[in-house]
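Working through the structure, step by step
Below are the chains, spelled out letter by letter.
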Amino acid sequence: MGQKTPATLKPQLDAQNAPKLSPVARARVEKQRRFATGCWPREGIAYAMVQAPSRCSRTDLEEQDRALADCQKALREAQDRCAQLEADRVRLESILEGSQDAIWSWNTDGVVVRWNAAAKKLLGYAADEIVGQSLLKLVRPERWEAARAVMKSIRKGAWYGRYETVRVRKDGALVDVELTVSPIADTSGRIIGASTLCREISERKQFQASLTKRMSQLTSLVQFTERLQSASSLDAVFAAALDGIKSALGCDRASVLLFDGMGVMRFVASRGLSDAYRKAVDGHSPWAKDAKDPSPICVADIELSGEPESLKETVKAEGIRALAFIPLIADGRLIGKFMTYYPDPHTFSDEEIGLANTIARQLALAVAHQSAVEELRQSEERFRLMLEHAPVMIWMSDALGHCLHLNRMLREFWGVDEADIPSFDWRSTMHPEDAESIGESMASAVITRGPVTVRGRYLNAQGAYRVLQTNARPRFSSKGEFGGLIGVNVDVTEREEAEAALRESEERFRLAVEAAPSGMVMTDQDGRITLVNAQSERLFGYSREELIGQKIEAIVPPESEGSHPELQTAYFARPTARGMGLGRGLRARRKDGTEIPVEIGLSPFKTSQGVVALAAVVDISSRKQAEAERELLIAELNHRVKNTLSVVQSIAHQTFRGAEPMLAAQRAFEGRLIALASAHNLLTQLNWEHASLEQIAKVILNVTGDGSGRVRLSGPQILLPPKEALSFTMALHELCTNAMKYGALSNDAGHIDVGWTRSRYPRPRLDLVWRESGGPPVSRPSKGGFGSRLLERSLAFDLDGEVRLSFEPSGLVCSIHAPLPRERDIRQ
Amino acid sequence: MNALSGKRVLVVEDEAMIADMAEDMLSQLGAVVIGPVGTLAKGLELARSEVLDAAMLDVNIRSERIDPVVEVLRARAVPFVFATGYGDAIGAAMAGVDILEKPFTQDRIKNALLNALQRRAQPGGQA
C-alpha cells in the first residue's frame, strides 16, 4: 500500500471538517480519530493538530488550557499511536509480502491497488505491471461478465469465501485457484474496494479430478463385475464387457475378439465399428495363439506407428487414431483380446493399462466360465436329447419308486404326456400275474439300493400286453444320497416268443432224441459229447453224467482212437447226413472195455453254437450174430445137400454096379431114393435135430406100402441124431425091401417083429433085432447083393457098431448093436 | 500105367455109402485104399500105423473135426486132400490144402490126389 494519502480519501475528510465542535461533532471527531488510529494514523494526527486552535478560540481559558493539555495529551497519544501504527503497518506489510498466499486488493472500479510477492509468483505479474490495471486482466474473457457481477456484489458488501475459479497467468496459462474476496470499507462504512486472497489449487484440482476419475473407473469396474456375474450367456458377458471397457477406459468404441476353433481371432462383439472395418481387420492378431504372457499393445497414434500403410489407412478411415490391444488370458492360455479405440491420439497411462488388464482378467475369466457353462448346457442338452430319443425305453424314479422321467419311447409305450408323468402310476399297467413279483423286485431294489433285473408284461397304449425286460440301477447324488432308480426297458416280446418257441422246439428235439430206438450222441466240433439219450446209456454202459462233456474218443475202440479226430475234422469240413464208416465194421467201446459192432448214421445241423453232429448208434451185435448163424446155416445146408447128393451118387453107384436087370435096378434105386427122401422129410420136420427109432420105422413101413400090421414094433423111445437116423432109414428100407421080395412079407402069412432095447452100461447102446417069421424058407443068398452089403457094411460103418444077418430057417434075423450118443448130447 | 498105381491112400469118411464109392473109385485108379474108416479114432489109428502115400479126409467125422488126423499126417509129411460139402468154407482156415468138393468124380479124386502128391515133391510144399 502506498505512502500517499489516497486521493479518494481526502475529500471525505475535508467534508467532515465542521467549524464548531458540537457534542455531535465531537463524537464524530472521536469516531474519526478512532478510525484514524486504526487505519489512517498520519491523517488522523494531522487532523487533531489542526482542530485544536479553533476550539480554543471558542472557550474560556481554562477551558483552553484544559483543552490544550488535552490536545497535548492527545498529540502524545497520537504520536504514540502513530509510532504504534507505523510498527503495525510495517509488520502487516511484511506479513502481506511474506504471505504464501497471493493477496491483492482493488478498488471499486476493479483496479488493482495492491499486489504481493506471492501474487507475482502465482500469476507472473510484477506489482508495478498489474497495479493500476483492471482485475479483468486476470480473468478469462468468457468469465468477464461473471467477474463484473462479482465486483458489483462486492460493492454492495457481499463477501465471497473460498470459491474456486480459474485465473489467467501473465503467460496466458490458466491456474486453478481458490479465492476469498472481502470488501474494504472506509471509516464511514463505505465500501471502497476489496481484497482478494488467492490460493493455488491446481494440484488439489488434479488430485480431485483423478480421484473422481478413479472413482468412476472403479464404479465402472464394479458394475462390470456385477454384470459379468449375473450374465447368463456369452453375449451378455460381451455386452457387459463393452459397456465396462467404454466407461472405465473412457473410449467411445470397443470390441472383443476370441480365437475360433481354427485358431483365428474373430470379432465376437463390438461397439461403434462399421461392418467394413470389422471385416477388414477380422483375424488380425498381434499374438500367435500360443503366445507366452502376451502384453497389452497400445498405439498412441496410428499415424506414428510402424503399422503397414494399408492398415493405417483402414484404421484412419474408421476415424480411429489411437487404439489398444488387451490380451485375454484364461488358465494361462491366450483366448482372445479386447480393443479400445480413440478418435484422437491417446497417451495410455500405466493406470489405464492396469485397469485394462484388470478388465481383461475379469473378462477372460467370465468368458472361460461362460464357455464352460454353455458347453455344459450343450452337453446336457445333447444328453437330454439322446435320452429322449434313444431307441430304448428309459426311466428315472425317485427314492419312493414314483416316475420322475420317462423318455419319448416309454411315454409313447404307455401313452403318457410329459405333463402327466408325476401323476402316472406305472404299476397299474402290470399284468396281474406279474404284478406281485415285479413289485417285490422293484421294492427290494429301492430298499437295498441295488441293481435289479425283472421281466414282465405291461399294458401298452394300444391295449396289448408286451413283455419288457427292465434293467435298473440305483442312482446317487454327488453327496452320495440315494435318489431312486434309473432303468432301461427293452421290449422282449418277440424274443420271449422266439425263446419259448426255441425251448419248445428244443424240448421236442430232446424228447425225440430221448425216444429214439438207437443210441443218440450229439457232439460239438471239438468232439465233446453234448447230448445223449437213455439208449446211449444202455449201449455204452456209461451214465448220462459220465458221457456229457467227454471226448467222443471215450467210446471209440482203442485201434480207432488215434484216427478218429482226423476223420471228425474232415467230417465237419464237409458235413452231410450219411452213414459212418460204411462197410468198415465199426465198433464201439463200452465202459467195461468190451466192444460191440455198431452202425452209425451221422446228421450235421447248425445250432447257435455252430455245427454239431448227431450220431444215431445202433448195436448190431444180434444182427451180426443172426447173420453169422444164417451163414452157418447156409453153409450147413450146402454141406448137407452136397452130402446127400454124394449119398445119392453112391446109391446109384452101388445099385447100378450089380448084375441086376436094369428094370429091377431102377426100381431098387427109386425105392432107396424115396427112403432117403422120406428120412430127409422126417428130419426136416424135426428141424434136423433128431428122430425116434419108432418114427423112422413107421415112415419106412409106410413107404414100402406095408400098413398091414404084419410088422410089429416094440421098444423104448430112442432118439437118434440125423446121421444115425438116416443110416437106420436106409437099413430098414433094405430089410423091408428084402422081406417083401424074398422074406416074411413076400407071402400073406409072414410077419416081422422089430424089437429094441437100450442099455446104459457100461456105455449107452442100442440092441435091435429084426426077426422075420412065417415067410418062405430062407436060404442064404449066393452072392452078397447091395442090400446085405449095405446092412452089414454100411450100417455097421455108419453106426460104428455091429450088424449081423443070420438066415435062419424061420426067417431072416438081423441084429444091430450100436453105441448110442449120450442122451444129453442129443439136442432135445 | 496110372500115377496113383500102388499108392496107399487113407480114406476117412463117416458116410458109409460115400466111403464105399470112394473106395471103388480109388481102387479103379489103381490105388491101395487104407480104410475106409468112419470114426476119428480109427482114422487116427490108421494114420499112425499104416504106410501111406496120401489121404482123402472128410472134414467132419461125426461132428468132430478131422484136425487130429491132419496133425499126424502133417507130422509124417503125408499129403492129403479134404473131401467136403462145405465148398471153400474151410479154405480160409486151411490154406494150401487141396479141397475135393462133394459130390466128387473119379477124375477129380485123381487130380486132387496127384496135386497133393506133386506138391509134396516140391521143396517147401505142404506147409
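All values reported here derive from a predicted model rather than from experimental measurement.

Check the secondary structure of chain B and you find 4 helices and 7 strands. For chain B, the N- to C-terminal ordering of α and β elements is β-α-β-α-β-β-β-α-β-β-α. Out of the 127 residues in chain B, the part that is buried amounts to 46%. The contacts in chain B between residues at least 6 apart in sequence include a share of 60% that link residues at least 24 apart.

All names here are of chain A. Taken in spatial order, the 5 strands of this open sheet run 2-1-5-4-3, and their pairing is antiparallel. The open sheet terminates on both sides in strands that have one partner only, identified here as strand 2 (112-115) and strand 3 (160-168). Here the strands of the sheet are splayed against their neighbours by 30° on average, with no regard to which way each runs. Here 3 bridges tie strand 1 (residues 102-107) to strand 2, and the two strands are oriented antiparallel to one another. Looking at strand 2, one finds that Trp106 is bridged to Val112.

It is worth spelling out the nonpolar core at this point. Counting 87 residues, the largest nonpolar core has Ile696(A), Val9(B), Ala55(B), Met56(B), Leu57(B), Phe80(B) and Leu113(B) as the members making the most contacts within it. With 9 residues, helix 23 (residues 722-741) of chain A is the largest single contributor of residues to this core. In this structure, Leu113(B) is in contact with Leu4(B), Val9(B), Ala54(B), Met56(B) and Val81(B), ignoring residues within four places of it in sequence.

Next up on the list: the confidence of the model for chain B. Low pLDDT marks stretches whose predicted atomic positions should not be read closely. All names here are of chain B. Within chain B, residue pLDDT values average 81, and 84% of them lie at 70 or more. Mean pLDDT values over the elements of chain B span from 78, in strand 7 (residues 98-101), up to 92, in strand 1 (residues 8-12). This prediction of the complex comes with two scores: 0.41 for pTM and 0.79 for ipTM.

Look at the link from Gly35(B) to Pro36(B): it is a cis peptide, with omega at -5°. Within the secondary structure, Pro36(B) is located in strand 2 (residues 32-37). The backbone of Arg162(A) sits at a positive phi, close to 50°, despite the residue not being glycine. Mapping Arg162(A) onto the fold places it in strand 3.

On to the pairing of strand 27 (residues 802-808) of chain A. All names here are of chain A. The pairing of strand 27 with strand 28 (residues 811-819) spans 7 bridges and is antiparallel. The residue bridging Ser806 from the neighbouring strand is Val813, located in strand 28. The loop that links strand 27 with its antiparallel partner strand 28 comprises 2 residues.

Moving on, we get to the packing of helix 20 (residues 621-657) of chain A against helix 1 (residues 16-28) of chain B. Between helix 20 of chain A and helix 1 of chain B, the shortest axis-to-axis distance is 8 Å and the interhelical angle comes to 60°. The orientation of helix 20 of chain A with respect to helix 1 of chain B, classified from their angle, is oblique. Helix 20 of chain A and helix 1 of chain B meet at a crossing whose hand is left-handed. Here helix 20 of chain A contributes Ser646(A), Val647(A), Gln649(A), Ser650(A), Ile651(A), His653(A) and Gln654(A) to the contact with helix 1 of chain B, which in turn contributes Met17(B), Ile18(B), Asp20(B), Met21(B) and Asp24(B). Split by residue class, the contact of helix 20 of chain A with helix 1 of chain B holds 5 nonpolar, 5 polar and 2 charged.

Residue and element names in this part refer to chain A. Per-residue pLDDT for chain A averages 82, and the proportion of residues at 70 or more is 90%. Averaged over each element, pLDDT in chain A is lowest for helix 1 (residues 10-15) (42) and highest for strand 6 (residues 253-259) (92). Contacts for the low-pLDDT stretch residues 1-19, under 50 throughout, to residues beyond four places or in other chains number 12 contacts. Across residues 39-45 the pLDDT falls below 50, and counting only partners more than four positions away or on other chains, this stretch makes 16 contacts in the model.

Attention shifts here to helix 15 (residues 493-515) of chain A. Compared with the 33 Å implied by 1.5 Å per residue over 23 residues, the 32 Å span of helix 15 of chain A between its first and last C-alpha is a close match. Here helix 15 of chain A lies mainly on the outside; 1 of its 23 residues are buried.

On to the environment of Pro777(A). Residues and elements named next belong to chain A. Turning to its location among the elements, Pro777 is positioned in the loop between strand 26 (765-773) and helix 24 (786-799). On the basis of neighbour counts, which here come to 8 C-beta atoms within 10 Å, the residue Pro777 falls in the exposed class. Separated by 35 residues in the primary sequence, Pro777 and Tyr742 place their C-alpha atoms 9.1 Å from one another.

Residue and element names in this part refer to chain A. Taken in spatial order, the 5 strands make up an open sheet running 23-25-26-28-27, and their pairing is mixed. Looking along the sheet, the strands with just one partner apiece sit at the ends: strand 23 (711-714) and strand 27. Averaged over all pairs of adjacent strands, the angle between their axes in this sheet comes to 10°, without regard to strand direction. Pairing between strand 23 and strand 25 (residues 751-759): 4 bridges, direction parallel. Each residue of the ladder has a partner; that of Leu713, found in strand 25, is Val754.

On the chain B side, the residues contacting the 19 residues of chain A number 17 residues. When residues of the side of chain A that touches chain B are traced back to their parent elements, those giving at least two are helix 20 and helix 24 of chain A. For the side of chain A that touches chain B, the element with the highest residue contribution is helix 20 of chain A, accounting for 13 residues. Considered class by class, the residues forming the side of chain A that touches chain B number 5 nonpolar, 9 polar and 5 charged.

We now examine the packing of helix 8 (residues 202-230) of chain A against helix 9 (residues 234-249) of chain A. All names here are of chain A. At a closest axis distance of 9 Å, the pairing of helix 8 and helix 9 adopts a crossing angle of 180°. Between helix 8 and helix 9, the interaxial angle falls into the category roughly antiparallel. Residues Gln217, Ser220, Leu221, Gln223, Phe224, Arg227 and Leu228 of helix 8 pack against Val237, Ala240, Ala241, Asp243, Gly244, Ser247 and Ala248 of helix 9. Residue composition of the contact of helix 8 with helix 9, grouped by class: 7 nonpolar, 5 polar and 2 charged.

Our focus in this paragraph is helix 1 of chain B. Residue and element names in this part refer to chain B. Between its terminal C-alpha atoms helix 1 stretches 18 Å, which fits the 18 Å expected from 13 residues at 1.5 Å a residue. Of all the residues in helix 1, the buried ones are Ala16, Met17, Ile18, Ala19, Asp20, Met21, Ala22, Met25 and Leu26. Gly30, located one to two residues past helix 1, shows a positive phi value of around 95°.

All names here are of chain B. By the alternation rule, side chains of strand 7 split into Asp98 and Leu100, which are all buried, and Ile99 and Glu101, of which none is buried. Summarising the sheet, strand 6 (residues 80-84) and strand 7 pair through 4 bridges and their orientation is parallel. The residue of strand 7 that forms the bridge with Thr84 is Glu101.

Analysis parameters
- Residues numbered from 1 in each chain as written.
- Chains lettered and ligands numbered in written order.
- Predicted model: local features only at pLDDT ≥ 70, side-chain atom pairs only at ≥ 80, totals over all residues.
- Helix = DSSP H or I, 4+ residues; strand = E, 2+ residues; numbered from the N terminus.
- Buried ≥ 20, exposed ≤ 12 C-beta atoms within 10 Å, placed from the backbone.
- Contact = placed C-beta atoms within 7 Å.
- Pairing = 2+ DSSP bridges.
- Axes fitted to C-alpha atoms, helices over the stretch in contact; angles between N-to-C directions.
- Core = buried A, V, L, I, M, F, W, Y, C linked by C-beta atoms within 7 Å.
- pLDDT = per-residue confidence, 0-100.
- Parallel < 35°, antiparallel > 145°, perpendicular 65-115°, else oblique.
- Left-handed = near helix turned anticlockwise from the far one by under 90°.
- Nonpolar A, V, L, I, M, F, W, Y, C, P; charged D, E, K, R; others polar.
- Expected span 1.5 Å × (residues − 1).

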